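Here is how the chains run, residue by residue.
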Amino acid sequence: MMLRTAAGRRAVATATGALSLALALSACSGTTKDSSDKESTKTGAGATAKADPGAALKKGLKLAFLPKQINNPYEKIVDDAGIEAAKEYGGTGKEVGPSDASASSQVSYVNTLIQQRQDAILVAANDPNAVCGPLKQAMKKNIKVVAYDSDTAKECRQLFINQASSEEIGRSLVQHLGEQIGYKGKIAILSATQNATNQNTWIDFMKDELKLPKYKDMKLVKVAYGDDADQKSFQQTQGLMQAYPDLKGIISPTTVGIAAAARYLSDSSYKGKVVLNGLGTPNQMRKYVKDDTVEQFSLWNPEELGYLGSYAAAALASGQITGAEGEKFKAGKLGEYTVGKDGEVILGKPTVFDKKNIDKFDF
């Protein structure tokens, strides 16, 4: 899959402190999963492996992507890009996952991937803790665990590939909406699931941003949940407008939610009166930008997120890195990245899309 605007996304997380996370087992070349099982049972922060920055990426690595739900178009883009990236270094990838985004829906898939002896599992967690038990078992068997898009609890993975700074995402969405509505009026948030780690983190920063004096005339009246389901998100938008007909703006930090909300607003009397902002893909939102339902929205390149996750997992599985703060690895076309605090690797700053630039992107 072709990557676009990669040059603008090579921001790296800053290394500023002590060791945070390390591999569950020895990453020495030639160590098998079975022998590693006997040598160590430590995972996460308790691991003792050492990185070998000069190690080559191993050939034949098997990666599995486990998204929040298998039919999410955004995560399909992410996973497909990661699977394509694996081919560049001689590995293979696949996508498996549930059709719903409930907290425990991913557990059985992790257990199956352990049985299949994958080299790495990449998971966008529906719940930060629900998958922890099986993920810890995976690490005990020297299967590397990388969270992406939506994090697990820190002790349940070696790395978290974050699309952008969580604080920057949350605050910037409020900042953009505030400018659009003149910092006055009632606003609502249309989120995904109630326990989605990334959504809740962003919402916390949104609420904190709203405490600043310049937002004193803006009021958050409701956080609605569409469960990353198109029809439910559409209905939640309809419900918001029925409950708050004087609503001035909606922030939807989910690609499914913003597209559903835009579809509702585009055919309603609220078109042009209610400002919709949030996170979406250009191909989903292009028609709504061009028909003036939506002025602007934001996102990173999901292809690059999957690509970076794939190379990070390969670096872990090859022993180049352990997930410790300050370690560096190369992510193919995207260049070099640095592991930050708590095993976080940040893709880069989100892009704001509007009429002026939306046709430059195709994803």
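Note that the structure is a prediction, hence the values are computed from the model and not measured.

Turning next to the overall build of the protein. Scanning the protein from N- to C-terminus turns up 10 helices and 14 strands. Looking at the protein as a whole, 58% of its 363 residues qualify as buried. Long-range pairs, those at least 24 residues apart, make up 73% of the contacts in the protein with a sequence separation of at least 6. For the protein, the computed accessible surface area is about 14,200 Å², with 49% contributed by carbon and sulfur atoms.

Along an α-helix, residues three or four apart share an orientation, since each turn contains 3.6 residues. When helix H4 (residues 132-140) is considered as a whole, its buried residues turn out to be Cys132, Pro134, Leu135, Ala138 and Met139. The arc that holds the buried residues of H4, viewed along the axis, is 165°, so those residues lie on one side. Of the residues flanking the end of H4, it is Asn142, one or two places downstream, whose phi is positive at about 65°.

This structure, assessed with the given rule, holds 12 aromatic pairs. Where Phe353 meets Phe363, the ring centres are 6.2 Å apart and the plane angle is 75°; that geometry is what we call edge-to-face. One end of the pair, Phe353, is in strand S14 (residues 351-353); the other, Phe363, is in the segment after S14, and 10 residues separate them in sequence. A relative accessible area of 5% means that Phe363 is categorised as buried. Counting every residue linked through ring pairs, the aromatic cluster contains Phe297, Phe353, Phe361 and Phe363.

Unusually for a residue other than glycine, Asn142 sits at a positive phi of about 65°. Backbone geometry places Asp228, a non-glycine residue, at a positive phi of 55°. Here Asp228 lies in the loop between strand S7 (218-225) and helix H7 (230-243).

Orientation of helix H3 (residues 107-115) relative to H4, taken along the N-to-C sense of each, is 15°, at an axis distance of 9 Å. Between H3 and H4, the angle is such that the two are roughly parallel. The interaxial crossing formed by H3 with H4 has left-handed handedness. The residues of H4 that touch H3, namely those facing Val107, Val110, Asn111 and Ile114, are Pro134, Leu135, Gln137 and Ala138. Residue composition of the contact of H3 with H4, by class: six nonpolar, two polar and no charged.

Take the state of the cysteines next. Counted by the stated rule, this structure contains one disulfide. Two residues, Cys132 and Cys156, share a disulfide whose sulfurs are 1.9 Å apart. Taking the sign of the S-S torsion, about 100° here, the bridge from Cys132 to Cys156 comes out right-handed. Of this pair, Cys132 sits in helix H4 while Cys156 sits in the loop between strand S4 (144-148) and strand S5 (159-162), and the two are 24 residues apart along the sequence. In this pair, the class of Cys132 matches that of Cys156, namely buried.

On to the sheet that holds S4. Read from one edge to the other, the open sheet built from six strands follows the order S2-S1-S3-S4-S5-S13, with strand pairing classed as parallel. At either end of the open sheet lies a strand with only one pairing partner, and these are strand S2 (92-95) and strand S13 (344-346). Neighbour to neighbour, the strand axes of the sheet diverge by 20° on average, direction disregarded. Strands strand S1 (62-66), S2 and S4 of the sheet are contacted by helix H2 (residues 73-88), whose axis makes an angle of about 165° with S2.

Another aspect to go through is the side chain of Asp127. Its location among the elements puts Asp127 in the loop between strand S3 (120-123) and H4. The buried charged residue Asp127 lacks any salt bridge, with Lys68 as its nearest oppositely charged partner at 11 Å. A distance of 2.9 Å separates the side chain of Asp127 from the backbone nitrogen of Asn129, its partner in a polar contact. The contacts of Asp127, once residues within four sequence positions are left out, are Ala103, Asn195 and Thr197.

Turning our eyes to something else, we now look at the sheet that holds strand S9 (residues 275-278). If you walk across this open sheet you meet the four strands as S7-S6-S8-S9, and the pairing is parallel. Every other strand in the sheet has two partners, leaving S7 and S9 as the edge strands with one partner each. Adjacent strand axes in the sheet meet at a mean angle of 20°, parallel and antiparallel pairs treated alike. Where strand S6 (residues 185-191) lies against S7, seven bridges are found, and the strand directions are parallel. If you follow Gly185 over to S7, its bridge partner there is Met218.

Before going further, it helps to spend a moment on the pairing of S9. What you see with S9 is no split at all: Val275 and Asn277 on one side and Leu276 and Gly278 on the other are buried throughout. Pairing of strand S8 (residues 249-252) with S9, which is carried by four bridges, proceeds in the parallel orientation. When the bridges of S9 are listed, Ile251 appears paired with Asn277. In this fold, S8 hands off to helix H8 (residues 255-266), which returns the chain to S9; that crossover is right-handed.

Our focus in this paragraph is the pairing of S4. Along a regular strand, successive side chains alternate from one face of the sheet to the other. Of all five residues that make up S4, five are buried, and the element is covered over most of its length. Neither face of S4 is exposed, since Lys144, Val146 and Tyr148 on one face and Val145 and Ala147 on the opposite face are all buried. Where S3 and S4 come together, four bridges link them in parallel fashion. Bridge assignment links Val123 to a residue of S4, and that residue is Ala147. As for the winding sense of the linkage, the β-α-β connection from S3 through H4 to S4 is right-handed.

Calculation rules
- Residues numbered from 1 in each chain as written.
- Predicted model: local features only at pLDDT ≥ 70, side-chain atom pairs only at ≥ 80, totals over all residues.
- Heavy atoms only, no water.
- Helix = DSSP H or I, 4+ residues; strand = E, 2+ residues; numbered from the N terminus.
- Buried < 20%, exposed > 50% of the residue type's maximum accessible area, 1.4 Å probe, protein only.
- Contact = heavy atoms within 4.5 Å.
- Areas by Shrake-Rupley, 256 points an atom, 1.4 Å probe, with all protein chains shown as cover.
- Arc of directions from axis to C-beta.
- Phe/Tyr/Trp six-rings, centres within 6.5 Å; stacked < 30°, edge-to-face > 60°.
- Axes fitted to C-alpha atoms, helices over the stretch in contact; angles between N-to-C directions.
- Parallel < 35°, antiparallel > 145°, perpendicular 65-115°, else oblique.
- Left-handed = near helix turned anticlockwise from the far one by under 90°.
- Nonpolar A, V, L, I, M, F, W, Y, C, P; charged D, E, K, R; others polar.
- Disulfide = S-S within 2.5 Å.
- Pairing = 2+ DSSP bridges.
- Lys, Arg positive; Asp, Glu negative; His and termini not counted.
- Salt bridge = Lys/Arg side-chain N within 4 Å of Asp/Glu carboxyl O.
- Polar contact = N/O pair within 3.5 Å; in protein donor to acceptor, adjacent residues only side chain to side chain.
- Right-handed = clockwise from strand over helix to strand, strands pointing away.

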